[in-house]
Amino acid sequence: MKARVTVMPKKSVLDPQGVAVRNAIATHGFPQVKSVRIGKVMEIELDDAGLDAKAAEARLHEICADLLSNPVIEDYTLEIQG
Amino acid sequence: MKARVTVMPKKSVLDPQGVAVRNAIATHGFPQVKSVRIGKVMEIELDDAGLDAKAAEARLHEICADLLSNPVIEDYTLEIQG
Amino acid sequence: MKAAVIRFPGSNCDQDCHYALQRVFGVPTDYVWHKESSLKGYDLVVLPGGFSYGDYLRCGAIARFSPIMKAVVDYAENGGLLIGICNGFQVLTESRLLPGALVRNRDLHFICEHRFLRVGACDNPFLNQAKPGQVLNIPIAHGEGNYTADEATLEELNANRQILVRYCDAQGVVSEAANPNGSLNNIAGICNAKRNVFGLMPHPERACEARLGSEDGNVIFQSILNHLGVRAVA
Amino acid sequence: MNTTAVSLPPDPEITPAVIAKHGITPDEYALIQKILGRKPNFTELGIFSVMWSEHCSYKNSKPELKKFPTTGPTVLVKAGEENAGVIDVGDGWAIAFKMESHNHPSAIEPFQGAATGVGGIIRDIFTMGARPVFNLNSLRFGSITGDSASAKTNRRLFSGVVAGIAHYGNCIGIPTIGGEVYFDDSYEGNPLVNVLCLGVLKHEEIARGAAKGIGNPVFYVGAETGRDGLAGAAFASRELTEESKQDRPAVQVGDPFKEKLLLEACLELLTTDAVAGIQDMGAAGLTCSTCETASRGNTGVEIDLEKVPKREVGMTPYEIMLSESQERMLIIVEKGKEDIVRRIFEKWDLPYAEVGTVKDDGMMRVKVGEVTVAEIPARQLADEAPIYHRETQAKPAPAPLCEIPKTDVSLALGKLLADPSIASKEWVYRQYDHMVRDGTMVLPGSDAAVFIVREANKILASTSDCNAIYCLLDPREGARLAVAEAARNLACSGAIPLAVTDNLNFGNPHKPENFWQLRECVEGIAEGCAAFNTPVTGGNVSLYNENPAGAIDPTPTIAMVGIIKDESHVTTSSFKNAGDTVILLGELGDEMGGSHYLKVLFGRKEGIPPRINFERERALHNTLRGLIGRGLLASAHDCAEGGLAVTLAESCFCGTQTIGAEIDFGTTGLAPEVLLFNESQTRVVVSAKPEDAEAVLVFAHEKGIPARRIGTVGGAQLGLKADGAETRWNVADLQSTWRGSIAACMA
Ligand SMILES: Nc1ncnc2c1ncn2[C@@H]1O[C@H](COP(=O)(O)OP(=O)(O)O)[C@@H](O)[C@H]1O
Ligand SMILES: [Mg+2]
């Protein structure tokens, strides 16, 4: 089983890295870029042996909320890729 | 126009972050996680006024290769989200 | 009294904190390994600076789940004095022992330099020997010290006098120009509502000897000793 | 970890093309066949190619390196004997330090290239049993000013390298307390990244990298082996070309967190009696560590690759042996003490494996299970690479300058202070944690960094220097000047020099002019080190530093370490109090050849560089230390790039503060630009309380050092008067130019 977790800074939180990248793109000669937000993506591979997909997904959600993202500043999305 | 760029460490390149996170998940009581690879995701918003979508996409590819990723150690994927 | 300095894999200011407590202030101090599970018998617990678990993912995020942190949380909930410096502050916010979060510095660079801090509230165990408005010269060294919190949290921090130190200039003026990293309201350190947990980005343990440029960090350690009714030996 | 057997592809056939691709000459190949008594297989060919590369064997530079003075009463471990030299500092304490280059990896991937350079040099130090206490870095890039494509590239390289050094050093918790950065077109496309680490240890703690004790188990500890940095040593021993950037080896990624654990675990292990020998895996990884420990121990080492912790599936013996994965060590364990190793490495959550045994047959034997895949006499492989005496061709001596172009000196000072090579390096060192370990007494920004090693109660000073313009114009004199400047920087800080480590950065040695530069520089360094009584404890040679326009300017970086006897002797470069008297020790000077005045204002690297007289230089240093010891000086700053004017301006800057000075040189008979910007050596600007000024002059004159009062500290301006003319600057303006210049380029 594979899963992909995307963690993005919350809209209300300043993303200095995104701002810097936007400016870099603009000075790179592409000022049409209005905004950039930068987050993390994690590709997770699970051992299928004896894995209960439902339970695993629930467990992954827990881990996303507890460890992989900080809900004070970030939102996550979890996609199961079978 | 919106685009999403995902930048992942190349397969053969060490991803110390991913390893640390995998270990943390394992000690968190979920040892079925075999591997984690961590990359960056960038959500880019473009100003549509007078934008030529084809040209913009080509330009974005250039920027991905030049600026947003380091082809020596990373691979990128670009998705145009309309 | 007895102090504990927690050692996570990747802690790197543990020895500096140990030195300040033990040699500069004469406080018997133990290192406590992250795989331990008890903090019995300590009057002060320090979460030192460094890069716990490499600071991979987010600073302090993985440390939060190390075995010792259960004991740290219990210790704090029972009113024990707990101070988190730099990475220690990040561990405290990740553990929700302190509100808010610490994100990348505004300019995306790691910054190491001496900075001036303006003391806010003094009615707490950590700054009772300082005067409100006093200016302290204490170095910072971090890449992710940009404090952020939502409106409501900020209001609460202000209302409860939990903002203990803010970045300022040499004259004590808190301004955007004196803000090294983009922190909300120039916040450099806060305590919890119960006033027994203090987190700060600057390094008071690096400002305990005149020969290293500043002794202004001493007031924090002296306040702690004073609060515990202990007289500094050194 | 992966140990599943997979069937591997057959080895490529060994054709002349394959041999050439490994950088092995036909003669070398014949020698290999002679050593083996047969043809090498593919794995063996790879092993020879890395061990016999310039990077590992010094085959082109060894005869030259023999010219360095390497002995002395304080030398505990000599250069070349082990991973780093060790110097006695008294009371049973010693220091181990060394410099290492990571030029080519940084050109390809600046962040990881520089980061892994730092990681590598740190391992060299803790391998010796020393606890690393600080780092220095010496950097060179092409020009970072302007909008050209190359300036943009250079800025990317510069910012990546600095961030990489910061990433590794900050995370592992070793302060980076000093260094140097220069910008010059000759480094276009081939930046120099030299990093130094210094550690402390007790005499009895010196660890050795020898495979001692037949039958002792060999342990592999640290990170798993992957396909990264395959054959990086061979790569560093070639010119960088457009193609080589294409066929770049998989870049190594550093993991400073893992290295921190490895450092703590190894130092903990070394306090036990379990270690018979220890060696880091740097360039050429497993290959180098196994054959070198065997060679040093006069033994053999046999390892089984099936037992090596691996990160990837299906790695061939060739790949495993040549991998340059970071953060790994080889430990020869006393038989029966294996459990101590296991306990400590489990405590630190680090991979470890028993991979082999020490043998008595002098062979480096590599097996995969029962099958032997390489078998090479260790000594011949590690220590008997062919040695080449390269041809030299002297470059014509530089012509003396016929005229010194004039400019408005008032503008010229601002331009010099804004030049990125002279401007403040705050943008750089602010990104380095230079205070962790709580011992930095003089922060970056003064002449030398000063660090107190509390456990040993020793105060160390350290600096790195090299003016490559001088070396380009006159390599021998340039190298002598680099050593003298380093010693002078230490003297200004109140320190007595102890020893030197060097990094020789040059172009392709097959070009006779380049090799001549190397030889001249080595001889110049040797003369300098003899003059200051500083043995060379080790260093690094980086050749093949070229770009399409030619070789880099010869850059023999000198790092010197000294000791400060008493805390009260610690002296910094900035003026302290209004009213203090400013005194120039040394002559006014008049040498303009190779000056930054010519380079920065007129784009000319020309003329005969300043001459150095070691006797006078030494007398000056002794005088400085005498004055400092008597408590007579408030500040001392040496005269270097940009001459007296830049030295005086810098003396007016102190961190974020400034203080002015009123200077009057009287009648000099010199043209203003010559007076202010000449770079004659053996000069230091000092300041003293007015009541001490006379004593300073008397003391200096007694020692035969020219000394003159040139002004007074105070006010908000720098005023320079001479021969009836006066120029004034607002010090705050000069400082903001100087402090802000690099940041402005990088914004
Ligand atoms: N890359 C660097 N890292 C840390 N400190 C640096 C670096 N480059 C320069 N510095 C510091 O800036 C100061 C000035 O350097 P430099 O111009 O080389 O001085 P000098 O000419 O006296 O040798 C020194 O204290 C030096 O250590
Ligand atoms: Mg210098």
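What you are looking at is a predicted structure, and each value in this text was computed from that prediction instead of being measured.

Topic: the nonpolar core
- Within the largest apolar cluster, 163 residues are counted, with the highest numbers of intra-cluster contacts made by Leu68 of chain A, Leu39, Leu82 and Ile83 of chain C together with Phe158 and Phe345 of chain D.
- Summarising the domain contributions, this core has at least three residues from each of domain 1 (67-103 + 132-198 + 427-569) and domain 2 (581-746) of chain D.
- Beyond its immediate stretch of four places on either side in the chain, Phe345 of chain D contacts Val221, Leu262, Ala265, Cys266, Leu269, Ile331, Leu350, Pro351 and Tyr352 of chain D.

Focus on the pairing of strand 1 (residues 2-9) of chain B
All names here are of chain B.
- With seven of eight residues buried, strand 1 lies mostly within the body of the structure.
- Here strand 1 runs beside strand 2 (residues 33-46); their pairing, made up of six bridges, is antiparallel. Its bridge partner lying in strand 2, Arg4 is registered against Glu43.

Description of the packing of aromatic side chains
- In total, this model carries 18 aromatic pairs over all chains according to the counting rule given.
- Taken together, a centroid distance of 6.3 Å and an interplanar angle of 85° make the contact between Tyr56 of chain C and Phe257 of chain D edge-to-face. A residue pair is termed interchain when its members come from two chains, as with Tyr56 of chain C in the loop between strand 3 (44-47) and helix 2 (68-77) and Phe257 of chain D in helix 11 (residues 256-270). Assigned by exposure class, Tyr56 of chain C and Phe257 of chain D land together as buried.
- Geometrically, the ring pair formed by Phe653 of chain D and Trp738 of chain D is tilted, given 4.8 Å between the ring centres and 40° between the ring planes. Taken together, the positions of Phe653 of chain D in strand 24 (residues 653-654) and Trp738 of chain D in helix 26 (residues 731-746) put the pair 85 residues apart, joining distant regions of the chain.
- Judged by relative accessible area, which is 5%, Phe653 of chain D ranks as buried.
- The class for Trp738 of chain D is buried, based on a relative accessible area of 13%.
- Following the ring pairs from residue to residue traces out a cluster consisting of Phe8, Tyr53 and Tyr56 of chain C together with Phe257 of chain D.

Describing the site of ligand 1
Residues and elements named next belong to chain D.
- In the region of ligand 1, 18 residues are neighbours, and Asn137, Gly445, Ser446, Asp447 and Asp465 sit closest.
- In this structure, Asp465 approaches ligand 1 through a side-chain N or O atom, which is 2.9 Å from an oxygen atom.
- With respect to ligand 1, the side chain of Asn489 contributes an N or O atom lying 3.1 Å from an oxygen atom.
- When ligand 1 is considered free in solution it has 560 Å² of accessible area, and contact with the protein chains removes 89% of it.
- Here the element with the most residues in the shell around ligand 1 is strand 5 (residues 176-183); it accounts for four residues.
- A breakdown of the residues in the shell around ligand 1 according to their chemical character gives five nonpolar, six polar and seven charged.

Considering the interface of chain A and chain C
- Opposite the 14 residues of chain A that make contact, chain C presents 16 residues.
- Counting each side, the surface lost to burial between chain A and chain C is near 1,200 Å², with a carbon and sulfur contribution of 63%.
- Among the residues chain A hides against chain C, the three largest losses belong to Pro16, Leu67 and Asn70 of chain A. Together they make up 36% of the total.
- For Arg58 of chain C, the salt bridge goes to Glu74 of chain A, with nearest N and O atoms at 3.6 Å.
- At the boundary of chain A with chain C, the tally comes to six residue pairs in polar contact (both at pLDDT 80 or more).
- Looking at the side of chain A that touches chain C, the elements that each hand over two or more residues are helix 1 (16-27), strand 2 (33-46) and helix 2 (53-68) of chain A.
- Of the residues that constitute the side of chain A that touches chain C, the class distribution is eight nonpolar, three polar and three charged.

Overview of helix 1 (residues 16-27) of chain B
- In this model, helix 1 of chain B (12 residues) spans 17 Å end to end at C-alpha, consistent with the 16 Å of a helix rising 1.5 Å per residue.
- Within helix 1 of chain B, burial applies to Pro16, Gly18, Ala20, Val21, Ala24 and Ile25 of chain B.
- Next to the buried residues of helix 1 of chain B lie helix 2 of chain A together with strand 2 of chain B.

Quick word on the relation of the copies chain A and chain B
- Each copy superposes on the other: chain A lies on chain B with an RMSD of 0.1 Å after a rotation of 180° and an axial shift of 0.0 Å. Viewed as a symmetry operation, the transformation between the two copies matches a two-fold axis. Relative to the rotation axis, the closest C-alpha in chain A is found at Lys40 of chain A, a distance of 2.3 Å.
- A shared binding surface is used by both copies, with 97% of the interface residues of chain A retained as interface residues in chain B.

Describing helix 2 of chain A
- Taking 1.5 Å as the rise per residue, helix 2 of chain A with 16 residues should run 22 Å; its terminal C-alpha atoms sit only 20 Å apart, a clear shortfall.
- Among all positions of helix 2 of chain A, only Ala56, Leu60, Ile63, Cys64, Leu67 and Leu68 of chain A are buried. All buried residues of helix 2 of chain A fall inside an arc of 110° around its axis, so they share one side.
- Its buried side turned inward, helix 2 of chain A meets strand 1 (2-9), strand 2 and strand 3 (74-80) of chain A together with helix 1 of chain B.
- With a side-chain oxygen positioned 3.0 Å from the backbone nitrogen of Lys54 of chain A, the residue opening helix 2 of chain A is Asp52 of chain A.

Definitions and limits used
- Residues numbered from 1 in each chain as written.
- Chains lettered and ligands numbered in written order.
- Predicted model: local features only at pLDDT ≥ 70, side-chain atom pairs only at ≥ 80, totals over all residues.
- Heavy atoms only, no water.
- Core = buried A, V, L, I, M, F, W, Y, C linked by side-chain atoms within 4.5 Å.
- Buried < 20%, exposed > 50% of the residue type's maximum accessible area, 1.4 Å probe, protein only.
- Domains from an automatic or database assignment.
- Contact = heavy atoms within 4.5 Å.
- Helix = DSSP H or I, 4+ residues; strand = E, 2+ residues; numbered from the N terminus.
- Pairing = 2+ DSSP bridges.
- Phe/Tyr/Trp six-rings, centres within 6.5 Å; stacked < 30°, edge-to-face > 60°.
- Near = heavy atom within 4 Å.
- Polar contact = N/O pair within 3.5 Å; in protein donor to acceptor, adjacent residues only side chain to side chain.
- Areas by Shrake-Rupley, 256 points an atom, 1.4 Å probe, with all protein chains shown as cover.
- Nonpolar A, V, L, I, M, F, W, Y, C, P; charged D, E, K, R; others polar.
- Buried area = accessible area lost by both parts, 1.4 Å probe.
- Salt bridge = Lys/Arg side-chain N within 4 Å of Asp/Glu carboxyl O.
- Expected span 1.5 Å × (residues − 1).
- Least-squares fit on C-alpha atoms with pLDDT ≥ 70 in both.
- Arc of directions from axis to C-beta.

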